[in-house]
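Commentary on secondary and tertiary structure
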Amino acid sequence: VQDKVKCDPSDHTLSKRYEEIFDAIFRKTQDTSKGSMKTANSVIQEFKKTVDYYKAMPGPVYEPITVENCSIKISAGWKCKVCDVEYTSKGSTGSNEKKLADHIEIKHIYLQPYICKVCNKSFTEKSNLQKHKTNTHIYLPANANLYTEDSRKYVSCKIFEIDDDDDDYLKSQLYMVKFFKKTDKNKKIVYISIDVTTFKDVKVAAKLLRDANNLAAEALKRGETTIGCSYKHLFVEGYDFNPEDVEVLGIYGNNETTGHTLKTFARVVTKSKCYHLPKMSLERMENCEQTLLDQLKAFLSKMPQRNQTYFNTQAWKQQSGEIEDFEPEDTFSPKRARVE
């Protein structure tokens, strides 16, 4: 779906044409959060040719600009009726016609024809679309493990090849957050948890996660019903994590759903701090369980000792039903955990 100023084909007044131009200007200057965003003045200058074109019409009917009524065939190529720009490259005539059509759609009809297949955000220039894809969405390195669910929700793994990339899928990745007591000046890691995001920058995702659970924790303290994950209870109990100190695990799902299955499996086998650790996720990973375990093992040193012990002894295999949460840290015994 192209992002477009709504045009009323039955309204041929000059005021309607100006309204469409102003709508386009306001839309193009509404995001002031980016330092590189164009100023309102520079944007207005871009639309001056369009305004002059409508002003020069004799009226009283002011037909909206279209590719068809503003494309002029010239001997060397094609010319824009609105601003006189010409496309006369020595390539095929068809390519010049296409370039002019793109020019009219972007500069004078205000379409944004370059659309991200992943999130449907649209752009006026192809280069801006590429920047968006590179900076916002996850693109896997060559030879990374890529996990995919089938229709039965069972997960398989393959080695990712860049030539096989499919931009239509919103890929996901796992990361680890590390909780500490707010009152502890040394910020000793007490709990860990595995989470998933479709963001390229996991620090951004972690900050959003922390902010949401902080708000939920404050609401819980007021006795209000809240949404959010079980982390909010950790915040109520005085724990926190640093979004700048998260671990990128290099574990990728082919889509968001697969990412959540990977997250649940990773939480179960590391005994992450979560109130819901169903063992069903273990069954869904049976085709590539060892591959994922090997990837998680690379981050054991970042986890508290009891999580390392639990993982190394594969203690989840001895438990039936849902995995129980850890007891408070000061009662934990590595020796007793091995026996259990």
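Placed above this text is the structure.
The structure displayed is predicted, hence computed values, not measured ones.

In this section: the overall build of the protein. Within the protein, the secondary structure is distributed over twelve helices and eleven strands. Relative to its 340 residues, the protein shows a buried fraction of 41%. For the protein, restricting intrachain contacts to residue pairs at least 6 apart in sequence, the fraction spanning at least 24 positions comes to 58%. Accessible surface, the protein as shown: approximately 18900 Å² in total, 51% of it carbon and sulfur.

This next bit is on the pairing of strand S8 (residues 172–181). Walk down a regular strand and you will see the side chains alternate between the two sheet faces. Most of S8 is tucked away, with nine of its ten residues classed as buried. Pairing analysis gives four bridges linking S8 to strand S11 (residues 247–253), with the strands arranged antiparallel. For Met-176, the partnering residue across the bridge sits in S11 and is Glu-247. In the sheet, S8 pairs with strand S10 (residues 239–241) via three bridges, with the strands oriented antiparallel. Residue pairing in the sheet places Lys-181 in a bridge with Tyr-239 of S10.

Here the focus is the pattern of salt bridges. This model, assessed by the stated rule, comprises 14 salt bridges. Lys-79 is paired through a salt bridge with Asp-84; the nearest N and O atoms lie 3.9 Å apart. Judged by relative accessible area, Asp-84 falls into the partly exposed class, the value being 48%. Here Asp-150 and Arg-152 are joined by a salt bridge, their closest N and O atoms 3.6 Å apart. By relative accessible area, which is 35% here, Asp-150 ends up partly exposed. Members of the salt-bridge network, linked through shared partners, are Lys-178, Asp-245 and Glu-247.

Nonpolar side chains collect at one region of the surface, where Phe-199, Val-204 and Leu-208 lie side by side and expose about 240 Å² of accessible area between them. You can see Phe-199 is positioned in the loop between strand S9 (191–197) and helix H6 (202–221). Given a relative accessible area of 34%, Phe-199 falls into the partly exposed group.

A word on helix H8 (residues 256–270). Compared with an ideal rise of 1.5 Å per residue, which puts 15 residues at 21 Å, H8 spans 21 Å between its outermost C-alpha atoms and is within 8% of the ideal. Burial analysis of H8 places twelve of its 15 residues in the buried class, which makes it a mostly covered element. Buried residues of H8: Thr-258, Gly-259, Thr-261, Leu-262, Lys-263, Thr-264, Phe-265, Ala-266, Arg-267, Val-268, Val-269 and Thr-270, and no others. Between the side-chain oxygen at the start of H8 and the backbone nitrogen of Thr-257 there is a gap of 3.2 Å, and the oxygen is on Asn-255. Directly beyond the C-terminal end of H8, a positive phi value near 50° is found at Lys-271.

A few words now on the packing of H8 against helix H11 (residues 305–312). Relative orientation of the contacting elements H8 and H11 amounts to 100°, with a least axis distance of 7 Å. Between H8 and H11, the interaxial angle falls into the category roughly perpendicular. Between H8 and H11, the contacting residues are Val-268, Val-269 and Thr-270 on the first element and Asn-307, Tyr-310 and Phe-311 on the second. Each residue belonging to the contact of H8 with H11 can be placed in one class, and the counts come to four nonpolar, two polar and no charged.

Parameters and conventions
Residues numbered from 1 in each chain as written. Predicted model: local features only at pLDDT ≥ 70, side-chain atom pairs only at ≥ 80, totals over all residues. Heavy atoms only, no water. Helix = DSSP H or I, 4+ residues; strand = E, 2+ residues; numbered from the N terminus. Buried < 20%, exposed > 50% of the residue type's maximum accessible area, 1.4 Å probe, protein only. Contact = heavy atoms within 4.5 Å. Areas by Shrake-Rupley, 256 points an atom, 1.4 Å probe, with all protein chains shown as cover. Pairing = 2+ DSSP bridges. Salt bridge = Lys/Arg side-chain N within 4 Å of Asp/Glu carboxyl O. Patch = residues over 30% accessible without salt bridge, like charges linked within 9 Å, V, L, I, M, F, W, Y side chains within 5 Å. Expected span 1.5 Å × (residues − 1). Polar contact = N/O pair within 3.5 Å; in protein donor to acceptor, adjacent residues only side chain to side chain. Axes fitted to C-alpha atoms, helices over the stretch in contact; angles between N-to-C directions. Parallel < 35°, antiparallel > 145°, perpendicular 65-115°, else oblique. Nonpolar A, V, L, I, M, F, W, Y, C, P; charged D, E, K, R; others polar.

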